[in-house]
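# Descriptive analysis of the structure
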Amino acid sequence: NLSAMATMTRNSIFTNVALTTDGDVWWEGMTKEAPDGLIDWTGQAWTPDCGRKAAHPNSRYTTPASQCPVIDPEWQNPNGVPISAILFGGRRNSLVPLVSEAFTWSQGVFMGSIISSELTAAAEGTLGQVRRDPFAMLPFCGYNMADYFGHWANFREKLGYNSPKIFYVNWFRRDEHGNFLWPGFSENSRVLKWICGRLGRNPTAQSVVTPIGQVPAPGSIDCSGLEDEVTTETMRRLLTVDTAEWLREVAIVRDYYRVFGKRMPAVLTEEFRFLEQRLTTTASIRTNNSEIMEWVDTVRALCKPATVHWCTGTDEEYSQLCDLMVKGGTFIRLNEQKRPNSFLARSDPRDVARVEGCTYICTEDPNDAGPTNNWADPKEMKQKMDQLFEGCMRGRTMYIVPFCMGPLGSPYSKYGIEVTDSPYVVVNMKIMARMGSKVLAAIKQDTFFLKCMHSVGMPLLPGQQDVAWPCNPDNRYIVHFTEEPSVWSFGSGYGGNALLGKKCYALRIASVLGRKEGWLAEHMLILGLTSPQGHQFHVAAAFPSACGKTNLAMLVPSIPGWTVKCVGDDIAWLHVGEDGRLYAINPEAGFFGVAPGTSNKSNLSAMATMTRNSIFTNVALTTDGDVWWEGMTKEAPDGL
């Protein structure tokens, strides 16, 4: 510390240090070699081999701050200085990486609450022993430490979006020989440079996601000039997060938290649980996309779910969720001989269709939404959504649903992630879109994805019994922030209100994107016609709902020699190809069709399609475990 040494050259008081023969001071670590003839801090003659310290390990200097050569001109500003980042740190040989960034304020507070450090002689105890020193305040907090944690956690309410980012540093990681891996001292400025690059809404310094937070991406810490001392392998070891070691630490932290009893803030016990969950599920999360992880963690902190599940899109996951809904009364399993792997769902009678009156387009200028949309001010609506979503998933599982609208890998497809507390939404999204781990892996750091928020709006209190179809029909909002863009849906679990990849993304948001990017998002079917001579044509057609769109898309021709193939029955994304012709893709992967009126006569192909692996909502149930609706047959079966 060159600056400290320069500060104490005059006007200083030294306590319990050694005295040199020429009337100066000395302490261990000041120079490589101790000067001859020292008088130690007890007033006795001292030699290097006497077995005592020349200066007490807790010896001190007192010196005016104004003498420091690097004192900030603002150090006496009456208003203080604005803080952009908060660093917590301790001394750990292996557990904690060189630096990590907390996902959220509350997670940063949690990390501050579990600071662990080797004892030094500056504190009472055994040198080298590890103890908890939360916020480095353990000996200095004048009230219950659990309440102190709560005060920190709640402090963000005063700051809002101006809250500093929180980081955790550890300069003291060692190798297997006990040597420090990081040179420290002035080189810590390199870590501070990375931290500065992480500040603001559009960080420039790269990071990768780990269960404990974001750590620097390879090469993102400036090590120019340190290549021999800090090799690529050394940096890898400095930034490694050992999941097994952290899981062992979690067990210790659990016991530590128990000390505080019921005074421990719920937000920190939630953060503890989420850390444990991230550590145990790390293998299933296949993304290093920091934007995704930051957003998901922010949403989790807002909605406060009991658990978080990253959807894989596997058949096993689908079956497990369907079984879960059968047990909960949301699904009725249909006759396996008649409708293999198919289910009936019955919604709340107040939640049975799209709610156009509760659907909003939020733009700064009302004219951009136009007279045919329900306009809302984006700032006011975002505040409303924040209020509604606060704690809305208590007692429920938050499902993270990565999805792709359009063929995976197509340059004309679009990605999204829907966060929902409805397993009904998850299983329907598996059918209606490309969904799961493969999609998550395809969303790279610079890939656009639409952020979709959905909640049924019915949190569960401890011990509260759930209902078969949770919803909040008195508070339904389907909100499109087209200028961000993002979609927020609250209160409904039905259809296009909840399956946000469908009308919300594939039409409303996509129409805005298409206008900006030079393509069209349309409420159109796409069908292929082939004549008896083998000439092929593709047709796109726009009909309002319930005007025969699906029936035409799956037409079985009555004239000989002609064939019809269905490309899509509801939505078409149109773009100009390299040859100058108009091309269309179907962004969906399934059919969400209107049941009444569908029959072997009106749509034989649809009837054949839904013979298996299907979900039926709000249709009738037959005595033999099949489904029925008006128009399926001339006569209704008995015992419906």
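Note: the structure precedes this text.
About the cut-offs
Note that residues are indexed from 1 along each chain, following the sequence as it is written. For a predicted model such as this one, the threshold for reporting local features is a pLDDT of at least 70, and the threshold for listing and counting side-chain atom pairs is 80 or more; totals across whole chains, interfaces and linings nevertheless cover every residue. Hydrogen atoms and water are omitted, and side-chain values are computed over all heavy atoms in the structure. Each helix is a run of H or I in the DSSP string that is no shorter than four residues. Each strand is a run of E no shorter than two, and both are numbered from the N terminus. For every residue, the accessible area obtained with a 1.4 Å probe (protein chains only) is divided by the maximum for its type, and the residue is called buried under 20%, exposed over 50%, and partly exposed between those limits. Whether two residues touch is decided by their heavy atoms; if any such pair falls within 4.5 Å, the residues are in contact. Pairs of strands are assigned from DSSP output, requiring at least two bridges between the strands. Interaxial angle, 0 to 180 degrees, is taken between N-to-C directions of lines fitted to C-alpha atoms, where a helix line uses only the stretch in contact. The rule is short: rings of Phe, Tyr and Trp, with Trp giving its six-membered ring, pair when the centres are within 6.5 Å, and they are stacked under 30 degrees, edge-to-face over 60, tilted in between. Any Lys NZ or Arg CZ found within 6 Å of a ring centre and within 35 degrees of that ring's normal is scored as a charge over the ring. Working rule for angles: under 35 degrees goes down as roughly parallel, over 145 as roughly antiparallel, 65 to 115 as roughly perpendicular, anything else as oblique. Note on convention: near helix rotated counterclockwise from far helix by under a right angle means a left-handed crossing. Clockwise means right-handed. Under the scheme applied, nonpolar residues are Ala, Val, Leu, Ile, Met, Phe, Trp, Tyr, Cys and Pro; charged residues are Asp, Glu, Lys and Arg; polar residues are all the others, including Gly. Every case where a carboxyl oxygen of Asp or Glu lies within 4 Å of a side-chain nitrogen of Lys or Arg is listed as a salt bridge. Each patch is built from salt-bridge-free residues with over 30% relative accessible area, joining like charges within 9 Å and nonpolar side chains (Val, Leu, Ile, Met, Phe, Trp, Tyr) within 5 Å. Using a 1.4 Å probe, the Shrake-Rupley method yields the accessible areas, and only the shown protein chains count as cover for residues. Multiply 1.5 Å by the residue count of a helix minus one, and that product is the helix's expected span. Think of it as the arc spanned by the lines of direction from the helix axis to the C-beta atoms. Pairing of N or O atoms within 3.5 Å defines a polar contact, subject to two protein rules: one partner must be a possible hydrogen donor and the other a possible acceptor, and residues neighboring in sequence count only if both atoms are side-chain atoms. Only buried residues count toward a nonpolar core, which is a set of Ala, Val, Leu, Ile, Met, Phe, Trp, Tyr and Cys residues joined through side-chain atoms within 4.5 Å.

A separate point is the side chain of serine 117. Here serine 117 lies in strand E7 (residues 116-118). For serine 117, a relative accessible area of 17% translates into the label buried.

It is worth spelling out the side chain of threonine 234 at this point. Relative to the helices and strands, threonine 234 resides in helix H6 (residues 232-239). Once you skip the residues sitting within four places of it in the chain, threonine 234 turns out to touch Leu181 and Glu229.

With that settled, consider the sheet that holds strand E14 (residues 343-345). Reading across from one edge, E13-E14-E29 is the order of the 3 strands in this open sheet, with mixed pairing throughout. Across the chains shown, the open sheet's two edge strands, defined by having one partner strand only, are strand E13 (331-333) and strand E29 (615-617). When the angles between neighbouring strand axes are averaged without regard to direction, this sheet yields 25°. The pairing of E13 with E14 spans 3 bridges and is classified as antiparallel. Across the sheet, residue phenylalanine 331 finds its bridge partner in E14, namely alanine 345. Its contacts with the sheet put helix H10 (residues 315-328) on E13, E14 and E29, and the angle it makes with E13 is roughly 105°. Along the sheet, helix H13 (residues 423-432) makes contact with E13, E14 and E29, crossing E29 at roughly 125°.

Comment: phi is negative for the bulk of residues other than glycine, and the bulk of peptide bonds are trans. With an omega of -5°, the peptide bond between glutamate 484 and proline 485 qualifies as cis. Mapped onto the elements of the fold, proline 485 is located in the loop between strand E21 (477-481) and strand E22 (486-490). With a phi close to 50°, asparagine 341 is a non-glycine residue in the positive phi region. Here asparagine 341 lies in the loop between E13 and E14. Residue classification places asparagine 341 among the partly exposed positions, given a relative accessible area of 25%. Even without a glycine there, the phi angle at asparagine 618 is positive, about 65°. By the secondary structure assignment, asparagine 618 is in the loop between E29 and strand E30 (620-621). Judged by relative accessible area, asparagine 618 falls into the partly exposed class, the value being 35%.

A word on the packing of aromatic side chains. In the structure shown here, the tally under the stated rule is 29 aromatic pairs. Following the ring pairs from residue to residue traces out a cluster consisting of Phe88, Trp105, Phe110, Phe135, Tyr143, Tyr148, Phe149, Trp152, Tyr256, Tyr257, Phe260 and Phe272. We note arginine 132 situated over the ring of tyrosine 256; from NZ or CZ to the ring centre the distance is 5.8 Å. Positioned above the aromatic ring of phenylalanine 481, the side-chain terminus of lysine 382 is 4.5 Å from the ring centre.

Turning to the packing of helix H2 (residues 105-113) against helix H3 (residues 145-154), a few remarks are in order. Where H2 contacts H3, the two axes come as close as 9 Å, and the packing angle between them is 155°. In terms of their interaxial angle, H2 and H3 are classed as roughly antiparallel. As H2 runs across H3, the sense of the crossing is right-handed. Taken together, the residues of H3 that come into contact with H2 (itself represented by Trp105, Val109 and Ser113) are Phe149, Trp152 and Ala153. Its residues assigned to classes, the contact of H2 with H3 comprises 5 nonpolar, 1 polar and no charged.

Further remarks concern the sheet that holds strand E24 (residues 525-530). Taken together, 3 strands build an open sheet; the order of strands is E25-E24-E26 and the sheet is antiparallel. Lying at the two open borders of the sheet, with one neighbouring strand each, are strand E25 (536-541) and strand E26 (563-568). Neighbour to neighbour, the strand axes of the sheet diverge by 25° on average, direction disregarded. Strand direction decides the pairing type here: E24 and E25, joined by 6 bridges, are antiparallel. The residue of E25 that forms the bridge with isoleucine 526 is alanine 540.

Packed helices, taken two at a time, are described by their axes: the angle between them and the distance between them. At their nearest, the axes of H10 and H13 sit 10 Å apart, and the two run at 145° to each other. In the crossing of H10 with H13, the sense of the turn from one axis to the other is left-handed. Where H10 abuts H13, its residues Asp315, Tyr318, Leu321, Cys322 and Met325 lie against Pro423, Tyr424, Val426, Val427, Lys430 and Ile431. Looking at side-chain class alone, the contact of H10 with H13 contains 9 nonpolar, no polar and 2 charged residues.

Once that is clear, we can look at the pattern of salt bridges. With the rule as written, the count across this model stands at 35 salt bridges. In this structure, aspartate 626 and arginine 339 form a salt bridge, with 2.6 Å as the shortest nitrogen-oxygen distance. With a gap of 287 residues between them, aspartate 626 in the loop between E30 and strand E31 (627-628) and arginine 339 in the loop between E13 and E14 connect regions that are remote in the sequence. Classification of aspartate 626 as buried rests on a relative accessible area of 14%. Put simply, Lys502, Lys503, Lys549, Asp570 and Glu588 are held in one network by salt bridges that share partners.

Together, Phe537, Ile559 and Trp562 make up a nonpolar patch on the protein surface, roughly 290 Å² of accessible area in all. With respect to the helices and strands, tryptophan 562 occurs in the loop between helix H17 (549-553) and E26.

This part is about helix H7 (residues 243-258). Between the first and last C-alpha of H7 there are 23 Å, a value that for 16 residues agrees with the 22 Å anticipated at 1.5 Å per step. Among the residues making up H7, those that are buried are Glu245, Trp246, Glu249, Val250, Val253, Tyr256 and Tyr257. Buried residues of H7 fall within an arc of 145° about the axis and therefore sit on the same side. Facing away from the buried side of H7, by more than 90 degrees, are the exposed residues Arg248 and Arg258. In this structure aspartate 242 caps H7, since a side-chain oxygen of it lies 3.0 Å from the backbone nitrogen of alanine 244.

On to the nonpolar core. Grouped together as the largest cluster of nonpolar side chains are 44 residues, with contacts concentrated most on Phe331, Val427 and Trp573. Every element with two or more residues in this core is listed here: H10, E14, strand E17 (397-405), H13, strand E20 (449-455) and helix H16 (501-517). Among the elements that line this core, the one with the most residues is H16, at 7 residues. Sequence-distant contacts of valine 427, that is, excluding residues within four places in its chain, are made with Tyr318, Leu321, Cys322, Met325, Phe331 and Ile615. Core analysis: the second largest hydrophobic core is formed by 37 residues, Val296, Met398, Ile417 and Leu440 among them.

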